[in-house]
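Topology and contacts: notes
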Amino acid sequence: MGVAPAAAADITACLITKTDTNPFFVKMKEGATAKAEELGIELKSFAGKVDGDHETQVAAIETCIADGAKGILLTASDTSSIVPAVQQARDNGLLVIALDTPLSPIDAADATFATDNFLAGELIGKWAAGALGDKAADAKIGMLDLAISQPTVGVLRDQGFLQGFGIDLGDPNKWGDETDSRIVGNDVTQGNEEGGRRAMENLLAKDPMINVVYTINEPAAAGAYEALKSIGRENDVLIVSVDGGCPGVQNVKDGVIGATSQQYPLLMASLGIEAIKTWADNGAKPEPTAGKDFFDTGVALVTDQPVDGVDSIDTAKGTDLCWG
């Protein structure tokens, strides 16, 4: 006998995000909630208290297992430490899909729905180098990363940016081991505005003449801008970022951020819920994008100052596609 499809009302899914305050995860929750309602699935949502709150995420996975959920959508704060809990869920028959942030290793999850985060970084790196032109050879770069634990999403964006800018990488699986003298240093932001301000202040103390700032996301970029503004440097430093939220796109339009790589959290989450429904119905797992080890949900560079050789969209188009 074949497996009878589960009645939708019998399907419970879990969404576990890093926080419930970052607009990116708020939008992800909206996407998951809307798709769950459409498909008649009960969705339970959990979030860390802050970005990096690993213990709360482990507890949430254990709750989802105990509740008999069919699947979990997860944006992991600590991409390697979470793996034993994820394995426990999979051993109990749950489909685990990483959203946005690949686990380490990536195949610790059944599937990953994400932006190509290396490409997202590479686009802003190429753009920054192109915008500077000959001055790129003498750039002074501040790197505002995510966390000391170096989650995959932070490493991929950082290393993508450096490669795009034309800087030789050390070990591409971590940041901070590069030897190019143009890099002033790395500091961590926790992906929020206050962290971005503090990290920018720390790097300016090392070298007040930084003129290019890579930021892990747009809240961190907003904080970096405030730190630069406080010393009168806001108009002569190029800030680049990743996210594509509506406030971030507005910051590109206003000249706070030079360019940002836009990602699509609503799509990640809705596709994830559809995948859990399919898994519950017939046991089929989602397939990755051809040639990649994850399902690529797309990325676009948003800037009003396009440079030759780097595909981009302007802020008008970015606003049509933005979230948050």
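As the structure is a prediction and not an experimental result, all values here were calculated from the model.

This brings us to the overall build of the protein chain. Secondary structure assignment for the protein chain yields 10 helices and 12 strands. Relative to a compact globule of 324 residues, whose C-alpha radius of gyration would be 20 Å, the protein chain shows 20 Å and is just as compact. For the protein chain, the spread of C-alpha atoms along the principal axes amounts to about 70 × 35 × 35 Å. Counting over 324 residues, the protein chain shows a buried share of 56%. Carbon together with sulfur atoms contributes 50% to the accessible area of the protein chain, which is approximately 13200 Å² in total. Distance between charge centroids for the protein chain: 2 Å, based on 24 positive and 48 negative side chains.

With 30 residues, the main nonpolar core has Trp127, Ile141, Phe161 and Phe165 as its most contacted residues. Looking at this core, the elements that each hand over two or more residues are α4 (117-132), β6 (141-145), α5 (152-165), β8 (212-215) and β9 (238-243). Not counting residues within four places of it along the chain, the set of residues in contact with Ile141 comprises Phe161, Phe165, Ile167, Arg182, Ile183, Val184, Gly185, Ile210 and Val212.

Here we come to the packing of helix α1 (residues 23-39) against helix α9 (residues 265-282). At a closest axis distance of 7 Å, the pairing of α1 and α9 adopts a crossing angle of 35 degrees. Between α1 and α9 the crossing geometry is right-handed. The residues of α9 that touch α1, namely those facing Phe24, Lys27, Met28, Glu30, Gly31, Ala32, Lys35, Ala36 and Leu39, are Pro265, Leu266, Met268, Ala269, Ser270, Ile273, Glu274 and Lys277. The class makeup of the residues in the contact of α1 with α9 is 10 nonpolar, two polar and five charged.

Attention shifts here to the state of the cysteines. In this structure the tally under the stated criterion is two disulfides. Two residues, Cys246 and Cys322, share a disulfide whose sulfurs are 2.0 Å apart. The disulfide joining Cys246 to Cys322 has a torsion of about 95 degrees about its S-S bond and is therefore right-handed. Here Cys246, found in helix α8 (residues 246-253), pairs with Cys322, found in the segment after α10 (315-321); they are 76 residues apart in sequence, far enough to count as distant. Given the relative accessible area of 25%, Cys246 is considered partly exposed.

With that out of the way, let us pick up empty space enclosed by the protein. This model, assessed by the stated rule, comprises one cavity of 30 Å³ or more. Estimated volume of the largest cavity: approximately 120 Å³. Taken together, 13 residues form the lining of the largest cavity, with Asn22, Phe25, Asp100, Arg157 and Asn217 sitting closest to its centre. Put simply, the parts of the chain that give the lining of the largest cavity at least two residues each are α1 and α5. Residue composition of the lining of the largest cavity, grouped by class: five nonpolar, three polar and five charged.

Let us now look at the UniProt feature "domain: Periplasmic binding protein" (unreviewed entry) in the protein chain. Those residues carrying the UniProt feature "domain: Periplasmic binding protein" (unreviewed entry) are residues 15-280 in this numbering. Between the C-alpha atoms that bound residues 15-280 the distance is 16 Å, and the span itself is 45% helix and 18% strand.

The six strands are arranged β7-β6-β8-β9-β10-β12 in an open sheet whose pairing can be described as mixed. Here the strands that pair on one side only, and so sit at the sheet edges, are β7 (183-188) and β12 (300-302). Put simply, the sheet's adjacent strands are angled 15 degrees from each other on average, direction ignored. In terms of strand pairing, β6 meets β7 through five bridges, oriented parallel. In the sheet register, Asp145 faces β7, and the bridge partner there is Val188. Taken strand by strand, α5 contacts β6, β7, β8 and β9, and its axis lies near 160 degrees from that of β6.

Definitions and cut-offs
Residues numbered from 1 in each chain as written. Predicted model: local features only at pLDDT ≥ 70, side-chain atom pairs only at ≥ 80, totals over all residues. Heavy atoms only, no water. Helix = DSSP H or I, 4+ residues; strand = E, 2+ residues; numbered from the N terminus. Rg over C-alpha atoms; globule rule 2.2 N^0.38 Å. Buried < 20%, exposed > 50% of the residue type's maximum accessible area, 1.4 Å probe, protein only. Areas by Shrake-Rupley, 256 points an atom, 1.4 Å probe, with all protein chains shown as cover. Lys, Arg positive; Asp, Glu negative; His and termini not counted. Charge placed at Lys NZ, Arg CZ, Asp CG, Glu CD. Core = buried A, V, L, I, M, F, W, Y, C linked by side-chain atoms within 4.5 Å. Contact = heavy atoms within 4.5 Å. Axes fitted to C-alpha atoms, helices over the stretch in contact; angles between N-to-C directions. Left-handed = near helix turned anticlockwise from the far one by under 90°. Nonpolar A, V, L, I, M, F, W, Y, C, P; charged D, E, K, R; others polar. Disulfide = S-S within 2.5 Å. 1 Å grid on protein atoms, 1.4 Å probe; cavity = no way out; pocket = protein on both sides within 12 Å on 5 of 7 lines; lining within 4 Å. Points joined across faces, edges and corners; volume = space filled by probe spheres on them. UniProt positions renumbered as here; feature names shortened; annotations may be inferred. Pairing = 2+ DSSP bridges.

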